[in-house]
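Results of the structural survey
Here are the chains, one letter per residue:
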Amino acid sequence: MTEYGQHCLWRSTHASDDAQARELAARLEHRAKADDEVAARDAYLTLLGVAPGERVLEVGCGSGAITRAIATRVGPTGHAVGLDQSPALLAIASELATSAGLADRIVFKVGDARRLPFEDACFDAVLAVTVLSHVPSGESAIPEFVRVVRPGGRVGIFDFDVDMSIFTHPDRVLTRRIVSAASDQTAMNSWLARQTPALLTKAGLQHVKVRGFFPIETEVKSFYGGLASRYADVAVTCGAITDDERRGWLDAFRSAGQEGPIVAGRLHLFVWGRRPA
């Protein structure tokens, strides 16, 4: 029986030191700057209805890129809270919030998504972005999201589906083996996004909706282009491919990038609903 998520970078960030946290934060900030990521973020915050004056929680905030976007939307009369299991990541998030001039409307707090350290019904909206797929038994966090949002408030989950990753490459068979291995090993549950609509409904939310996003980049050295190396390395480590296959596959991918724009990206789903008033 496959044990999923053995090479997940995010499953135990609570123990990260400053150097490790800065490496992880750099990955998050790199992704956050991609054009399609910016557009998706603007869209899902609009769909969630984040508005001036609201109190909004982001669960698993990491470096705080989305928390800063929330803080901008809620404005000086609103309040953004970023929760993460890593004190080291939260220290970096605080630095970045201060640099952005948003520290006065953001609070960062250490905590576990599955046991939120907040009272019932204390937020207007709760959001988790590419988090629950990395959390062991991440689905157990969803009732907690519903608990801390007020009646009439909203819960939104934006997460990816690793099996729906694409790379420009001539070798279909090897690419599928690499993506499959990455799907099983780089996330605790890379299919959680597919299950989220039913999970939100089961947790008692109404008017649950789904919107698909597929951020794409066209450079080998972009965030999504860089996932090719990450996926191939994991596929070797877990025995899905040989090291020679990894080198050959990456060489072909990079050659494609020299010939012209490549396509690299993966499917994300935004699922959101409203707690009954």
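Here, the structure is the one placed above.
One structure accompanies this document, and this report is about it. On a predicted model such as this, the values are computed, not experimentally measured, just so you know.

We now examine the packing of aromatic side chains. If you walk through the whole model with that rule in mind, you get 10 aromatic pairs. Aromatic side chains Phe223 and Tyr224 sit 5.0 Å apart centroid to centroid with 90° between the ring planes, which places their arrangement in the edge-to-face category. This pair shows no difference in class: Phe223 is buried, exactly as Tyr224 is. Residues Phe270 and Trp272 carry aromatic rings whose centres are separated by 5.2 Å and whose planes lie at 15° to one another, so their mutual orientation is stacked. What makes Phe270 buried here is its relative accessible area of 0%. Taking relative accessible area as the criterion, Trp272 reaches 10% and is therefore assigned buried. An aromatic cluster of three or more residues is present, and its members are Tyr44, Phe158, Phe213, Phe270 and Trp272. The ring of Trp191 carries Arg194 above its face, with NZ or CZ at 3.9 Å from the centroid. Cation over ring: Arg266 sits above Phe160, and NZ or CZ is 4.0 Å from the ring centre.

Our next topic: the layout of surface pockets. In this structure, the largest pocket spans a volume of roughly 660 Å³. Lining the largest pocket we find 43 residues, and of these Trp10, Leu28, Thr130, Val131 and His134 sit closest to its centre. Listing elements by their share of the lining of the largest pocket, those giving two or more residues are α1 (18-32), α2 (35-48), β1 (55-59), α3 (65-74), β2 (79-84), β5 (149-167) and α8 (223-237). Looking at side-chain class alone, the lining of the largest pocket contains 22 nonpolar, 10 polar and 11 charged residues. Within this model, the second largest pocket holds a volume of roughly 150 Å³. Looking at the second largest pocket, the residues that line it are Asp163, Ser165, Ile166, Phe167, His169, Asp171, Arg172, Thr175, Arg176 and Val179. Looking at the lining of the second largest pocket, the elements with two or more residues in it are β5 and α6 (172-185). Looking at the lining of the second largest pocket, its residues break down into three nonpolar, three polar and four charged.

A word on the nonpolar core. Within the largest apolar cluster, 27 residues are counted, with the highest numbers of intra-cluster contacts made by Leu57, Val59, Leu116, Phe118, Val126, Leu132 and Phe145. Breaking this core down by element, the ones donating at least two residues are β1, β2, β4 (123-129), α5 (142-148), β5, α7 (192-202) and β8 (264-274). In this view, Leu116 contacts Leu57, Val59, Leu83, Glu144, Phe145, Arg147 and Val148; residues no more than four positions away in its chain are not counted. If you look at the next biggest cluster of nonpolar residues, it comprises 24 residues, including Ala32, Val50, Val74 and Phe158.

Before going further, it helps to spend a moment on the side chain of Glu37. Take Glu37: it is sitting in helix α2. No salt bridge is formed by the buried Glu37. Its closest oppositely charged neighbour is Arg31, at 4.4 Å. For Glu37, the contacting residues outside a window of four places in its chain are Arg31, Ala32, Pro215, Tyr224 and His268.

For the structure shown, the criterion picks out 17 salt bridges. With a shortest N-O distance of 2.8 Å, Glu29 and Arg68 are connected by a salt bridge. Here Glu29 is found in helix α1, whereas its partner Arg68 is found in helix α3, with 39 residues between them in sequence. Judged by relative accessible area, Glu29 falls into the buried class, the value being 12%. Of the charged contacts, one joins Arg247 and Asp244 as a salt bridge, the two residues approaching to 2.2 Å between their closest N and O atoms. Placement of both Arg247 and Asp244 in helix α9 (residues 243-259) is noted, with a separation of three residues, approximately one turn of the helix. You can call Arg247 partly exposed: its relative accessible area is 38%. One salt-bridge network, held together by shared partners, links Asp233, Asp243, Asp244, Arg246 and Arg247.

A grouping of Met164, Ile166, Phe214 and Val263 is seen on the molecular surface, where their side chains present a nonpolar patch of about 280 Å² in accessible area. As for its placement among the helices and strands, Val263 is situated in the loop between α9 and β8.

Criteria and cut-off values
Residues numbered from 1 in each chain as written. Predicted model: local features only at pLDDT ≥ 70, side-chain atom pairs only at ≥ 80, totals over all residues. Heavy atoms only, no water. Phe/Tyr/Trp six-rings, centres within 6.5 Å; stacked < 30°, edge-to-face > 60°. Buried < 20%, exposed > 50% of the residue type's maximum accessible area, 1.4 Å probe, protein only. Lys NZ or Arg CZ within 6 Å of the ring centre and 35° of its normal. 1 Å grid on protein atoms, 1.4 Å probe; cavity = no way out; pocket = protein on both sides within 12 Å on 5 of 7 lines; lining within 4 Å. Points joined across faces, edges and corners; volume = space filled by probe spheres on them. Helix = DSSP H or I, 4+ residues; strand = E, 2+ residues; numbered from the N terminus. Nonpolar A, V, L, I, M, F, W, Y, C, P; charged D, E, K, R; others polar. Core = buried A, V, L, I, M, F, W, Y, C linked by side-chain atoms within 4.5 Å. Contact = heavy atoms within 4.5 Å. Lys, Arg positive; Asp, Glu negative; His and termini not counted. Salt bridge = Lys/Arg side-chain N within 4 Å of Asp/Glu carboxyl O. Patch = residues over 30% accessible without salt bridge, like charges linked within 9 Å, V, L, I, M, F, W, Y side chains within 5 Å. Areas by Shrake-Rupley, 256 points an atom, 1.4 Å probe, with all protein chains shown as cover.

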